[in-house]
Amino acid sequence: MSGVQDKVIVITGAGGGLGRAYAHFLADNGACVVVNDLGGARDGTGYSTSMADAVVEEIRAAGGQAVPNYSSVATPEGAAEIIDTALSHFGAIHGVVNNAGILRDTTFHKMTEDEWDAVIKVHLYGSYHVTRAAWPHFREQQFGRVVVATSTTGLYGNFGQANYGAAKLGLVGLINTLAIEGAKYNITANAVAPLARTRMTEDVAPKELLETLDPTLVAPAVGYLMSTENQDTGSVFVVGGGLVQRVAVFQNDGVRFDSAPSLAEITSRWAEISDMSGAKPGRNPVG
Ligand code: NAI
């Protein structure tokens, strides 16, 4: 079976925005989708079943296969319920798109423990819990597809988003190791940094830019990464407005010291140490 035909795929946070576009695209291409969403506000407060239900109804009306789930990704119990929904309704789990997310933007100087924790819990712990619950099934059936939602904030930084950026780059660290550990089980793990007009971005970017960033333009790349054809793993893609780009960590040749340099010696070589002209893709020297 090629593509995502008959693959059972969980999309977290699929009651709106990008997740809804992913769910539609995957269902349109023959996947059986679990539409997870706890139906809260942008900051993660509140609860409703209506968002997930609405997307499931849309998919079914279009002839696709979908089932709702309203659990929070932020707890191991919620994640287990999400994967159980896939297993009990469709009899399998082949892929997870870890898309659920919230914002608690504020400057680092003003950030409270609660604002830090809430964002890390949904993005980083949420992706961990849901992927962890699916992982034994992936290993057993020798097939699994994982996508995490990273962000250009994690890759490059953004004012007022220290909590969000830390969570988002943490997810790249997660898929780097999942790619290594999953390789022999035909499990791939990749990250997508989307750019799209949703309730999350409606007031953070200029209107003219947002008009070019329909969420449906991100979905095909996520669909490909969930497919049987995809063999790419441990990669990061920036996707939005019709552009699909790969992003990677590079390293330069560096400067080698035969013994520990003095402060003056390292200071005098620092411009060379920092210079990235001629840098090549980085690799783990002990991996
Ligand atoms: P959105 O706010 O429309 O979607 C997020 C969804 O996650 C919401 O429907 C929300 O109810 C759900 N959700 C929140 N907490 C949850 C929880 N604990 N359990 C289950 N569901 C939960 O925002 P958008 O833009 O669609 O974001 C989707 C993902 O893409 C997020 O991870 C976001 O950080 C990421 N992203 C989006 C960008 C964009 O340009 N829109 C840019 C970079 C990253």
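In the block above lies the structure referred to throughout.
To keep things clear, this report deals only with the structure shown in the data block.

Here is what the cut-offs are and how they apply
- Residues numbered from 1 in each chain as written.
- Predicted model: local features only at pLDDT ≥ 70, side-chain atom pairs only at ≥ 80, totals over all residues.
- Heavy atoms only, no water.
- Helix = DSSP H or I, 4+ residues; strand = E, 2+ residues; numbered from the N terminus.
- Rg over C-alpha atoms; globule rule 2.2 N^0.38 Å.
- Contact = heavy atoms within 4.5 Å.
- Areas by Shrake-Rupley, 256 points an atom, 1.4 Å probe, with all protein chains shown as cover.
- Pairing = 2+ DSSP bridges.
- Axes fitted to C-alpha atoms, helices over the stretch in contact; angles between N-to-C directions.
- Parallel < 35°, antiparallel > 145°, perpendicular 65-115°, else oblique.
- Left-handed = near helix turned anticlockwise from the far one by under 90°.
- Nonpolar A, V, L, I, M, F, W, Y, C, P; charged D, E, K, R; others polar.
- Core = buried A, V, L, I, M, F, W, Y, C linked by side-chain atoms within 4.5 Å.
- Buried < 20%, exposed > 50% of the residue type's maximum accessible area, 1.4 Å probe, protein only.

1. Describing the overall build of the protein
Looking only at helices and strands, one finds nine helices and ten strands in the protein. Taking 2.2 N^0.38 as the reference for a compact globule, 287 residues should give roughly 19 Å; the C-alpha atoms of the protein span a radius of gyration of 20 Å, in line with that estimate. With the C-alpha coordinates aligned to their principal axes, the bounding extent of the protein is approximately 70 × 45 × 35 Å. The contacts in the protein between residues at least 6 apart in sequence include a share of 69% that link residues at least 24 apart. Working note: accessible area of the protein is about 14300 Å², and carbon and sulfur atoms make up 54% of it.

2. Here we look at the sheet that holds strand β3 (residues 65–69)
Strand pairs in the sheet, formed through backbone hydrogen bonds, run parallel or antiparallel to each other. Spatially, the eight strands line up as an open sheet ordered β3-β2-β1-β4-β5-β6-β7-β8, and their pairing is mixed. On the outer flanks of this sheet lie β3 and β8 (243–247), each paired with one strand and no other. Direction aside, neighbouring strands of the sheet carry axes that sit 20° apart on average. Across six bridges, the pairing between strand β5 (residues 144–149) and strand β6 (residues 187–195) is parallel. Looking across to β6, one finds that R145 is bridged to T188.

3. Some points on the packing of helix α3 (residues 76–90) against helix α4 (residues 113–141)
The contact between α3 and α4 brings their axes to 8 Å, and the two run at 45°. Considering their axes alone, α3 and α4 lie oblique with respect to each other. Here the hand of the crossing between α3 and α4 comes out right-handed. Seen from α3, the contacting residues are P76, A79, A80, I82, I83 and L87; seen from α4, they are H129, V130, A133, A134 and H137. Tallied by class, the residues present in the contact of α3 with α4 amount to nine nonpolar, two polar and no charged.

4. Some words on the nonpolar core
Ranked by size, the top nonpolar core spans 42 residues in total, and within it V10, I83, I93, V96, V130, F138 and V146 carry the most contacts. Among the secondary structure elements, those contributing two or more residues to this core are β1 (8–11), β2 (32–36), α3, α4, β5, α6 (162–182), β6 and β7 (236–240). Beyond its immediate stretch of four places on either side in the chain, V146 contacts V96, N98, T131, W135, F138, I187, T188, A189 and N190. In terms of nonpolar packing, the next biggest core, distinct from the first, is built from 30 residues, V4, L18, A219 and M226 among them.

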